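# Descriptive analysis of the structure
Here is what each chain is made of, one letter per residue.
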Amino acid sequence: MGEPTTFWERLKKGLARTRDGVLGPLQSSREKVGAEFLNRLEEVLLRADVGPEDAESVVRTVQAALPPEGASWDAVQSALERALADALRQAERPVTFHGPRPSVLVFVGVNGSGKTTTVAKVARCLSADGLRPLLVAADTFRAAAIDQLVSLAHEVGVEVLAHQPGADPGAVVHDALEHARTAGYDAVLIDTAGRLQTKRPLMEELGKVRRVVERLLGRPPDERILVVDATVGQNAISQAALFHEAMGLTGLVITKLDGTARGGAVIPITRALQLPILWLGVGEGLDELEPFRTTEFVRALVRG
Ligand SMILES: Nc1nc2c(ncn2[C@@H]2O[C@H](COP(=O)(O)OP(=O)(O)OP(=O)(O)O)[C@@H](O)[C@H]2O)c(=O)[nH]1
Ligand SMILES: [Mg+2]
């Protein structure tokens, strides 16, 4: 693709703020793996928003892996990497596009979490892999939302299906699926309006989008993805419940990791919701989306 930076470099850059917060204070207190070091470790994990339960289990695992008289910095990093990877065991699942065509992905989430940007980023990845995505402007709430998706689609060089502002999102999705089937698209990426999880009618609208897909394709959307802004940290957990109820979520995208030192929140988020992380957003640029891979994620966090 001729990109200036690699997956690894973008991930490292995206996690820099969280990494600095975790490693900075630890590096100065690693001589002995005693109570002081372990307290410091727990403190930095909590500050990175890892959450008390996971922080405690990471500390315990690190303690068990290292001799109390002290360890090399490299050994400390390795132990921390393994402990974090352990906490993220169930977080990794790639999105596959091997099912019946078109694959249908719906993106939901609260206002401003990064849905529209993520849809464009995913479209860009699919195009780069030689697949043909169709973007769907099911956020009909504001004219600006439709314009935003249309202009991002142009930027990425993919097609987009939109109706007028105020149109029924279910009807837009219906048209998009019919068009995608006849025109042979590989994937349909549905952008939805941001909504507070407490707004019942809007949540019911999502249920309707799901049912339209079921009616036309005989199956629900292949991925029902909650887009979560990492800067809200663990609060994302409480946002998810009603989205889950309306859609039956299958995965997460965690955005804006580059804008926070609390990237450790991905651990309690994925565990509490029992949902895999499909992608990470690590910047505003349309190439700044990374598939979530546990090994690389913890290495970027602990070694940089
Ligand atoms: N730094 C950073 N900014 C991001 C990322 N993803 C999205 N943004 C920015 O977040 C802002 C909101 O993004 P949108 O994609 O419009 O969010 P949305 O969820 O579609 O918003 P609504 O449709 O209004 O609910 C924009 O300024 C994006 O550029 C990311 O990974 N990193
Ligand atoms: Mg949007």
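As a reminder, the structure under discussion sits directly above these lines.
Residues numbered from 1 in each chain as written. Chains lettered and ligands numbered in written order. Predicted model: local features only at pLDDT ≥ 70, side-chain atom pairs only at ≥ 80, totals over all residues.

## A word on the site of ligand 1
- Close contacts around ligand 1 come from 20 residues, with G114, T116, T117, G194 and G281 the closest.
- Here the element with the most residues in the shell around ligand 1 is helix α6 (residues 115–128); it accounts for three residues.
- Tallied by class, the residues present in the shell around ligand 1 amount to two nonpolar, twelve polar and six charged. (Near = placed C-beta within 6 Å. Helix = DSSP H or I, 4+ residues; strand = E, 2+ residues; numbered from the N terminus. Nonpolar A, V, L, I, M, F, W, Y, C, P; charged D, E, K, R; others polar.)

## A closer look at the sheet that holds strand β1 (residues 103–108)
- One open sheet accounts for eight strands, arranged β3-β2-β4-β1-β5-β6-β7-β8; its pairing is mixed. Pairing within the sheet leaves two strands with one partner each, and these edge strands are β3 (159–161) and β8 (289–291). Strand after strand, the sheet turns through a mean of 25 degrees between neighbouring axes, direction not considered.
- Direction of pairing for strand β7 (residues 277–281) relative to β8: antiparallel, over a ladder of three bridges. Note that in β8 the partner of W279 across the bridge is P291.
- Sitting on the sheet, helix α9 (residues 200–217) touches β1, β2 (133–138) and β4 (187–192), and the angle it makes with β1 is about 175 degrees.
- Each of β5 (223–229), β6 (251–255) and β7 touches helix α11 (residues 266–273); the most contacted strand, β6, lies at about 160 degrees to it. (Pairing = 2+ DSSP bridges. Axes fitted to C-alpha atoms, helices over the stretch in contact; angles between N-to-C directions. Contact = placed C-beta atoms within 7 Å.)

## Some points on the packing of helix α5 (residues 73–87) against helix α12 (residues 294–302)
- One way to put it is that α5 packs onto α12 with a least axis distance of 9 Å and a crossing angle of 140 degrees. Put simply, α5 runs oblique to α12. Taken as a pair, α5 and α12 cross one another with a handedness that is right-handed. The segment α5 lies against α12, with Q77, L80, E81, L84 and A85 engaging T294, T295, V298, R299, L301 and V302.
- Split by residue class, the contact of α5 with α12 holds six nonpolar, three polar and two charged. (Parallel < 35°, antiparallel > 145°, perpendicular 65-115°, else oblique. Left-handed = near helix turned anticlockwise from the far one by under 90°.)

## Quick notes on the environment of A16
- Turning to its location among the elements, A16 is positioned in helix α2 (residues 16–27).
- In sequence terms A16 and A261 are 245 residues apart; their C-alpha atoms lie 7.9 Å from each other.

## Here we look at unusual backbone geometry
- A cis amide bond links R101 to the next residue, P102, at an omega of -5 degrees.
- Structurally, P102 is set in the loop between α5 and β1.
- A positive phi angle is found at D49, which is not glycine, with a value near 70 degrees.
- Structurally, the position occupied by D49 is in the loop between α3 (35–47) and α4 (52–65).
- Residue Q274 is not a glycine yet carries a positive backbone phi of 50 degrees.
- Assignment of secondary structure puts Q274 in the loop between α11 and β7.

## Thoughts on the packing of helix α8 (residues 169–183) against α9
- It is at 9 Å that the axes of α8 and α9 come closest, and there the two elements cross at 25 degrees. When the interaxial angle is binned, α8 and α9 end up roughly parallel. In this structure, α8 meets α9 at a crossing whose hand is right-handed. Counting all contacts with α8, which are made through P169, G170, V173, H174 and L177, the residues of α9 involved are E205, K208, V209, V212, V213, L216 and L217.
- A per-class count over the contact of α8 with α9 returns eight nonpolar, two polar and two charged.

## A short note on the pairing of β2
- Burial analysis of β2 places six of its six residues in the buried class, which makes it a mostly covered element.
- Covered by surrounding structure in β2 are P133, L135 and A137 together with L134, V136 and A138, the residues of both alternating faces.
- The pairing of β2 with β4 spans six bridges and is classified as parallel. Bridge assignment links L134 to a residue of β4, and that residue is V188.
- Where β2 lies against β3, three bridges are found, and the strand directions are parallel. Following the sheet pairing, L135 is matched in β3 by V160. (Buried ≥ 20, exposed ≤ 12 C-beta atoms within 10 Å, placed from the backbone.)

## Some words on the environment of L301
- Relative to the elements of secondary structure, L301 occurs in helix α12.
- Separated by 282 residues in sequence, L301 and R19 place their C-alpha atoms 5.0 Å apart.
- Apart from residues lying up to four places away in sequence, L301 is in contact with L15, T18, R19, V22 and L84.

## A short note on the pairing of β4
- Burial within β4 is extensive, with six of its six residues counted as buried.
- Every second residue of β4 is oriented toward a common face, with A187, L189 and D191 on one face and V188, I190 and T192 on the other, all of them buried.
- Direction of pairing for β1 relative to β4: parallel, over a ladder of five bridges. Pairing of V104 across the sheet is with V188, part of β4.

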